[in-house]
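Structural features, examined
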Amino acid sequence: MSMFRKKELAAHSTEASSMKKDLKTMDLILLGIGAVVGTGIFVITGVAAERYAGPALSLSFLVAAGAIILAGLCYAEFASRIPALGGPYAYMYVVFGEIVAWMTGWLVICEFFLAVSSVASGWSGYVQGFLDSLGVHLPVALSGAYNAEKGSYVDIIAVLVLLAVTFWVSQEAKTALRLNNVMVFVKFGIIALFVIVGIFYVKPDNWQPFMPFGFSGVVSGAAVVFFAFLGFDAVSMTAEEVKNPQKDIPRGIIGSIIITTILYVIVTLILTGIVPFDALGVKDPVAFAMRFVQLDGVAGIISVGAILTLLTVMIAMMYSLARIIYAISKDGLLPKFMSKIDEKKRTPKNATYVAGICTMIFAGLVPMELLAELTNIVTLMYLIVMAIGIIRLRKIAGDPKPGEFKIPFVPLVPILLAVVSIWLMVQLQAATWRAFVIALILGFVIYFAYGYRHSNEGKIKE
């Protein structure tokens, strides 16, 4: 048996789906927006403006969006030509073979797993801050991740919110994403409130100097806010539940990226126009800007809205995490019980429960900064593999057929994506690289200890 055994390109089009196909383009765009617009707009804008780019952070978002659009184009062509559940994992199974597919899938699992856990931990912080303002205080033992010196043992709010999210995501896909869709519109409402009210308090003098840290500050800011766009790849995990995956998935990916970019740029311009950039080093910059101009009532609405809408990030990420686990277990590389479909709801119930339990443990016990440490590097690594994969796909299968999405300027576009991703990776700290190596070793151990011997493809080709 070879660990580079591949799935045939045609196999995905004939593979039967056990799940309900009732998602459309708008569902996918809203899923993408729900996964992306959260901590990026409500948290990272303030610190990135203060430390890296100043008012020119709006340009940083455009630079980062350029890189994300390159990634989105690669996703769109893959999704159109290989409309299979599992996203990058499924694509790499066709172009490079099983071991590369598994390691790519492992990196995607790490991305979503870390993202769900860290957002839950951050969400807990918002809720505890809100409760404190009402005079309600949790016992120290239940207020944070394990830290014996401080007397905290478990972040109970993070655990409880993930319990609720896990239950919700285990429902039918349309039902599970309905709350996401509603909350996306709530999110739009909060952003609209900030824009409509805030525009009257903008002082153009606050935009001077526009690039206080020079162009290098814009680029550094782009490296930071690049990660504010992560989550668009959740759209590619819906392949078995979409009515027309070859057209709807590319539209969902590109549509969600364009809309989130516009939102980020507008909010950043108004934010830095209201508050001098060097005063924005806070965790809740959008609400802070309203307090800065003494609109405490509006700030309160935005804070509550941010708490509610961060749920959409967890829902979208948990949904995607469950689907990638299901797809890999369906191929035998993870235990088969995780590929079981609920007969009534037609969703991967066991995969969802496994994802929920693991994220609850980590969100409850591990500090958020440690959870977030690996997210950046694992994502950039599999984007490099995706970029190389597009070039390989064109070599083994030719250009896309009529009706399939086609990336222009291949191989230039995927090469640009790989170069940008490598450049961003080398900016990361040595400690992050050490943790990344450990994660890779663990991935290889799981594959050779279990996946290699239980692979469906391996059994077929014996």
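Please refer to the structure placed before this passage.
Now for a look at the structure at hand. Please read these numbers as outputs of a predicted model, since none were measured by experiment.

Let us look at helix α17 (residues 430–454). Counted at 1.5 Å a residue, the expected span for α17 with its 25 residues is 36 Å, and the 35 Å between its end C-alpha atoms agrees. If you look at α17, its biggest bend is around 45°, right at tyrosine 447. Buried residues of α17: Thr432, Ala435, Phe436, Ala439, Gly443, Tyr447 and Gly451, and no others.

Attention shifts here to the packing of helix α6 (residues 98–133) against helix α7 (residues 156–169). Where α6 contacts α7, the two axes come as close as 8 Å, and the packing angle between them is 120°. In terms of axis orientation, α6 runs oblique to α7. Viewed along their axes, α6 and α7 form a crossing whose handedness is right-handed. Contacts from Val116, Ala120, Ser121, Trp123, Ser124, Val127, Gln128 and Leu131 in α6 reach Ile157, Ala158, Val161 and Leu162 in α7. Along the lines of polarity and charge, the residues of the contact of α6 with α7 split into nine nonpolar, three polar and no charged.

Helix length check: α7 (14 residues) gives 20 Å between terminal C-alpha atoms against 20 Å at 1.5 Å per residue, within 8%. For α7, every residue scored as buried is listed here: Ile157, Ala158, Val159, Val161, Leu162, Val165, Thr166 and Val169.

The next point concerns the environment of proline 245. Mapped onto the elements, proline 245 comes out in helix α10 (residues 245–274). In sequence terms proline 245 and methionine 360 are 115 residues apart; their C-alpha atoms lie 32 Å from each other.

The full count for this structure, using the stated rule, is 14 aromatic pairs. Taking 6.2 Å as the distance between ring centres and 70° as the angle between the ring planes, the aromatic pair formed by phenylalanine 61 and phenylalanine 229 counts as edge-to-face. Highlighted residues: phenylalanine 61 in helix α4 (residues 57–81) and phenylalanine 229 in the loop between α9 (214–225) and α10, separated in sequence by 168 residues. The pair phenylalanine 61 / phenylalanine 229 is uniform in exposure class, with both members buried. Measuring from ring centre to ring centre gives 4.7 Å for phenylalanine 61 and tyrosine 264, while their planes differ by 20°; the resulting arrangement is stacked. Of the two residues, phenylalanine 61 is situated in helix α4 and tyrosine 264 in helix α10; the sequence distance between them amounts to 203 residues.

Thresholds, definitions, all that
Residues numbered from 1 in each chain as written. Predicted model: local features only at pLDDT ≥ 70, side-chain atom pairs only at ≥ 80, totals over all residues. Heavy atoms only, no water. Helix = DSSP H or I, 4+ residues; strand = E, 2+ residues; numbered from the N terminus. Expected span 1.5 Å × (residues − 1). Bend = angle between axes of the 7 residues up to and from the residue. Buried < 20%, exposed > 50% of the residue type's maximum accessible area, 1.4 Å probe, protein only. Axes fitted to C-alpha atoms, helices over the stretch in contact; angles between N-to-C directions. Parallel < 35°, antiparallel > 145°, perpendicular 65-115°, else oblique. Left-handed = near helix turned anticlockwise from the far one by under 90°. Contact = heavy atoms within 4.5 Å. Nonpolar A, V, L, I, M, F, W, Y, C, P; charged D, E, K, R; others polar. Phe/Tyr/Trp six-rings, centres within 6.5 Å; stacked < 30°, edge-to-face > 60°.

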